[in-house]
Amino acid sequence: MHEMSITQAMLDLALGHAQGQRITDIHLQVGMMSFVVPECVEFYFEYLSQGTLAEGAKLHFETLPIEITCLDCGRQADLSDWADDPPRAIMVEALARGCRCGSKNLRLTGGTGFDMISLEVEVQEARGRMQEARGKKQEKKRRTSDD
Amino acid sequence: MVKIPVLKSITEANALLAAALRARFAQQDVLVLNFIASPGAGKTTLLERTIEKLNGELRLSVIEGDPTTSLDSERIFAAGVPVVQINTDGGCHLEARMIQAALEQLDVEDADVVIIENVGNLLCPTGWDLGEDAKVVIASLPEGDDKPLKYPMAFATAQAVVINKIDLEPYLPAKVSVLRQNALQINPHLAVFEVSALTGQGLDGWVDWIWEKLAEKRESRCTKCP
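Rules used in this analysis
Residues numbered from 1 in each chain as written. Chains lettered and ligands numbered in written order. Predicted model: local features only at pLDDT ≥ 70, side-chain atom pairs only at ≥ 80, totals over all residues. Heavy atoms only, no water. pLDDT = per-residue confidence, 0-100. Helix = DSSP H or I, 4+ residues; strand = E, 2+ residues; numbered from the N terminus. Contact = heavy atoms within 4.5 Å. Buried area = accessible area lost by both parts, 1.4 Å probe. Salt bridge = Lys/Arg side-chain N within 4 Å of Asp/Glu carboxyl O. Polar contact = N/O pair within 3.5 Å; in protein donor to acceptor, adjacent residues only side chain to side chain. Expected span 1.5 Å × (residues − 1). Buried < 20%, exposed > 50% of the residue type's maximum accessible area, 1.4 Å probe, protein only. Arc of directions from axis to C-beta. 1 Å grid on protein atoms, 1.4 Å probe; cavity = no way out; pocket = protein on both sides within 12 Å on 5 of 7 lines; lining within 4 Å. Points joined across faces, edges and corners; volume = space filled by probe spheres on them. Nonpolar A, V, L, I, M, F, W, Y, C, P; charged D, E, K, R; others polar. Domains from an automatic or database assignment. Pairing = 2+ DSSP bridges. Axes fitted to C-alpha atoms, helices over the stretch in contact; angles between N-to-C directions.

Considerations on the confidence of the model for chain A
When pLDDT is low, close inspection of the predicted coordinates is not appropriate. The pLDDT averaged across chain A works out to 86; a share of 92% of its residues lies at or above 70. Looking across chain A, the model is least confident in helix H4 (residues 126-146) of chain A, with a mean pLDDT of 75, and most confident in strand S1 (residues 22-31) of chain A, with 96.

In structure tokens:
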């Protein structure tokens, strides 16, 4: 449900960093316990990016594992070895089993985010930029002479 | 081709606004609770009973979040408490910008406690910080005692869980003790209250917790700040 608004926020962030250049690729990190379904983001992105400089850009998703920290011994464990199991189930199991030190005083400390790592943009070569600028100038001239 | 580093959370805009709201609430010395629960868990009834218990002693304000209608805010208004209704028009959770807009219609300057009743949903609201001091999950027994295991994020990010409708235990296969145990398995730091908002059973402990959180906030206030 909320993927639509989160995709719009992602698109706005990308366009804000692209400085008017065409975006070809967007690199994203999605925590296994985030609230984001990559397939939904892709679906909405295709729709929302129409007519923007990000239209047609490819989304790359990197999945980040769940990280649990023991508040007693400080040990941090990520649950990437268990990646074949459903993430919510492995988190519940890990919390129930507790830390190696015997403590059950654990806290979820990672794998909940949705972050943009980088963008790739097309930089027009000097010749292309000049030709485009010249084209605009001529267009303007033509319009003013038409008036 | 040029690579531009971004390294930003997609929900940063919400996080920044939530931090600003938190600073504003701290300056106004008001405790803010974010109620998260499934539809029908008894959020509004618990709110009504909480108002009855605290009114006259603490000044409350309420922000109601629902997909549509002002049914809930009418109930709170009838209980004699300032209230603003947010309709998300189908949206599944409240966001910090909605709280900011609600505060334009709700004067919390003189309030002691602001309670935000989030949209009935055990999943999405946990992902959006509203600038609250604590998230409170209301889990009613008829929903089943396995909900902490199936929706762990709500319980992992909350400070308290109110187990509601305990008066129905004799008629249900779900057990209060199992629900409590499952919640504590996800988050051993949870304060757990067993209540029936309908009969009033167990509400004193819950109300005492609100007093404690308020005292904690006010006593920990930076004395150097204006």
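A few points about the interface of chain B and chain A
Contacts between the two partners involve 30 residues from chain B, matched on the other side by 36 residues from chain A. Interface area for chain B against chain A, summed over the two sides, is near 2,800 Å², with a carbon-plus-sulfur share of 71%. At the junction of chain B and chain A, the tally comes to 0 salt bridges. In this assembly, chain B and chain A are joined by 9 residue pairs in polar contact (both at pLDDT 80 or more). Looking at the side of chain B that touches chain A, the elements that each hand over two or more residues are strand S1 (2-9), helix H5 (147-150), helix H6 (152-157) and helix H7 (176-186) of chain B.

Structural notes on helix H1 (residues 3-18) of chain A
An α-helix turns once every 3.6 residues. As a result, residues three or four positions apart point the same way. Between its terminal C-alpha atoms H1(A) stretches 22 Å, which fits the 22 Å expected from 16 residues at 1.5 Å a residue. Among the residues making up H1(A), those that are buried are A:Glu3, A:Ile6, A:Thr7, A:Met10, A:Leu11, A:Leu13, A:Ala14 and A:Ala18. Down the axis of H1(A), the sector holding all buried residues measures 160°, keeping them to one side. Buried-residue contacts for H1(A) involve S1, helix H2 (38-48), strand S2 (58-64) and strand S6 (114-122) of chain A together with S1 of chain B. Just downstream of H1(A) lies A:Gln19, where phi reads positive at about 50°.

Describing the environment of A:Met32
Residues and elements named next belong to chain A. The residue Met32 is located in the loop between S1 and H2 in this model. Its relative accessible area of 17% is what places Met32 among the buried residues. Here the alpha-carbon distance between Met32 and Asp115, two residues 83 residues apart in the chain, equals 12 Å.

With respect to empty space enclosed by the protein
Over the atoms rolls a probe the size of a water molecule, and in doing so it shows where empty space is left. For the structure on display, the rule yields 1 cavity of 30 Å³ or more. Its boundaries defined by the atoms lining it, the largest cavity holds a volume of some 40 Å³. In terms of lining residues, the largest cavity is bounded by A:Phe35, A:Arg88, B:Leu122, B:Leu123, B:Tyr151, B:Pro152, B:Met153 and B:Ala154. Considering each element in turn, the lining of the largest cavity owes the most residues, 3 residues, to H6(B). Looking at the lining of the largest cavity residue by residue, the classes come out as 7 nonpolar, no polar and 1 charged.

Points about the domain arrangement of chain A
Bring the parts together and some accessible area is lost; that lost area is often taken as the interface size. Residue and element names in this part refer to chain A. Parsing chain A into structural domains produces domain 1 (1-65 + 111-147) and domain 2 (66-110). Summarising the inter-unit geometry, the C-alpha centres of domain 1 and domain 2 are found 36 Å apart. Each partner contributes to the interface: domain 1 provides 7 residues, whereas domain 2 provides 10 residues. Roughly 710 Å² of surface becomes buried between domain 1 and domain 2 when both sides are summed, with 75% attributable to carbon and sulfur atoms. Summed over the three residues of domain 1 that lose the most area to domain 2, namely Met32, Met33 and Pro65, the buried surface amounts to 78% of that side. Scanning the region where domain 1 abuts domain 2 turns up 0 salt bridges. Considering only residue class, the side of domain 1 that touches domain 2 consists of 4 nonpolar, 3 polar and no charged.

With respect to the sheet that holds S6(A)
Strand order in this open sheet of 4 strands is S2(A)-S1(A)-S6(A)-S1(B), and the pairing throughout is mixed. Each edge of the sheet is formed by a strand with only one pairing partner; in this case those strands are S2 of chain A together with S1 of chain B. When the angles between neighbouring strand axes are averaged without regard to direction, this sheet yields 20°. In this structure, S1(A) lies alongside S6(A), joined through 8 bridges in antiparallel fashion. Note that in S6(A) the partner of A:Val30 across the bridge is A:Phe114. The strands touched by H1(A) within the sheet are S1, S2 and S6 of chain A together with S1 of chain B, with S6(A) carrying the most contacts at an inclination of about 45°.

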